[in-house]
Every structure is written in C-alpha cells, then in structure tokens.
Amino acid sequence: MKVDDLLRYRDSAGRKFTLDCEKCAACIDFDFSYAFQPIVDLDKQEIFGYEALVRGVNNEPAREILSRVNEKNRYAFDQICRQKAIRIASELGLDKVLSINFLPNAVYQPEHCIQSTLQVANEVNFPTRLLMFEVTESEEVVDRKHLTNIFRYYQAQGFIVALDDFGAGHAGLNMLASFVPQILKIDRELIQNIDSNPVKQVIVRHLVQTCQELNVSVLAEGVETREELDYIRTLGVSLYQGYLFAKPGFESLPVIEDWSVYF
C-alpha cells in the first residue's frame, strides 16, 4: 500500500482519518527503533525531557534509516515514527517531555495527521501535554505558510513546539518571524567552541536576547565541553543537550547522577 492509496482510503471513507500502525507499517519495508538523549534544565537541576532519535534495530545510526525515506513512504514513516517513539517511551516509564522530530513535508493536514499520534498516546496513557514536536530548520520546507499552520494547530492542541537546528537551515530569522515557537534549539555548529570564537559569541548572544524578548525558551544543543557550557550559561540559557551531559541511550533513558559537576 502506498501513501496515495492511504489518502484515497481516507477520502472515500468519508470520515475523520485515523491511520493505525498496521496500515502505516504496510507502507515501509524496514524497521527501526529509538535512542533517547536527555534535555537538561540546569537552573532546576533536573531532566526536562528526552529527545527520541531514530536508530536501526541494532542501534545503527540515523542516516542508515533516513536514507531509506523517500516520497512514497515519507508520510507513513512520519506516522510510524511518532507512534513508535511514544510506545517505547511509555514502556521505559518516561514521565518527562518526549521530543519527537517530524517531517513537515509529510504532514498534509495537521488535524488528520495527528489522529494516530493521539490514538497511540491514549492507548498507552502518555500525557499529550508532555509531547514536544521538533522541526529541523535544516530541512527545506516547501511551503512555509503550511508549516506555520501546522505549528499553530499543534500549539492549540496543547503540544510543545520547537524549532530545531536554528542557524543551520534555509529559513533562519524569516521562519522565526513567521511563527514564534515555545522552544528554539540553537544548532550545535554555533555552540561548538563558542567560548573561544568571538563571532559565534556575538551571534548567539543576540539570538538569545531576541528569544528572551519574544518569550521563547532557548535550548543549546550539542554542548560537549565545560568551556562551552560556562560561556553559554553567562547568557542566561537554562536548557541544554549534548554529550557533556549524556550520550543517547539506545532504548533506554540516561540519567544525570551528579549535577554538581556542572557548577
């Protein structure tokens, strides 16, 4: 069954579209799983949530899975990603925010495409208020207005919305001008060696200031050294993600044993 077949099924059925796992799985011929990386709130000294990162069933890197996504299976893959991430997170007992990446070009109508996600969350009793949807700014969005509508719909449903990899993509500040998310994740390329790079310092400092004025929480991703962390903390950032705190845990939830090492 192809994506177009599923869309025709929805239209001809004449009812609200709900895609179950069985129908979705029929569209892809490969399996995958997830690793989970913690997002930490240093101000509160607690884990804010975990980002679900796609992996092969034997922990193969994401690129091996994403290379098999194409126009024919993109919609089904996006749907299965959400469902599987929620199911695995529930099995692991996750009671924090679950951050899921989504493919904006795979969402035809947000009110229909979200139905299977809500269905699975209800089945496993995962609170939808803890779902955070990230869209990577590095993926070219065909229709920015459509993406803005998706964001607004998701926010209206009570989901957290995040703009990922900010500073590395196609839209940049134009995307931020079109839609203000709850969380903005600064791309790791801007974070890397920021403590010794005056140009990056100026860019990130003004970006953080812009977000503060817009009431957007900043998340610094890809933090790997104490020097990077120490500089970014001077800017008033509280949310972090990166190897300095924990590497992604394959089908597991890494924990922070000692918060004192970051102060």
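Residues numbered from 1 in each chain as written. Predicted model: local features only at pLDDT ≥ 70, side-chain atom pairs only at ≥ 80, totals over all residues. Heavy atoms only, no water.

Caption draft 1: Highlighting the packing of aromatic side chains. A full pass over the atoms with the stated rule returns 16 aromatic pairs. On the basis of an interplanar angle of 35° and a centroid distance of 6.0 Å, the ring pair of Tyr240 and Phe245 is categorised as tilted. Here Tyr240 matches Phe245 in class, with each residue buried. Each member of the aromatic cluster is reached from another via a ring pair, and the members are Phe102, Phe133, Phe151, Tyr153, Tyr154, Phe159 and Phe179. Between Lys84 and the ring centre of Phe32, over which it is positioned, the NZ or CZ distance is 4.7 Å. (Phe/Tyr/Trp six-rings, centres within 6.5 Å; stacked < 30°, edge-to-face > 60°. Buried < 20%, exposed > 50% of the residue type's maximum accessible area, 1.4 Å probe, protein only. Lys NZ or Arg CZ within 6 Å of the ring centre and 35° of its normal.)

Caption draft 2: Layout of the pattern of salt bridges. Applying the stated criterion across every chain, the model contains 13 salt bridges. Between Glu221 and Lys185 there is a salt bridge; the shortest N-O distance is 3.7 Å. Of this pair, Glu221 sits in strand E7 (residues 217-221) while Lys185 sits in strand E6 (residues 183-186), and the two are 36 residues apart along the sequence. The class for Lys185 is buried, based on a relative accessible area of 0%. For Glu189, the salt bridge identified is with Arg188, shortest N-O distance 3.5 Å. With a relative accessible area of 46%, Glu189 lands in the partly exposed category. Through salt bridges with shared partners, a single ionic network connects Glu51, Glu134, Asp164, Lys185 and Glu221. (Salt bridge = Lys/Arg side-chain N within 4 Å of Asp/Glu carboxyl O. Helix = DSSP H or I, 4+ residues; strand = E, 2+ residues; numbered from the N terminus.)

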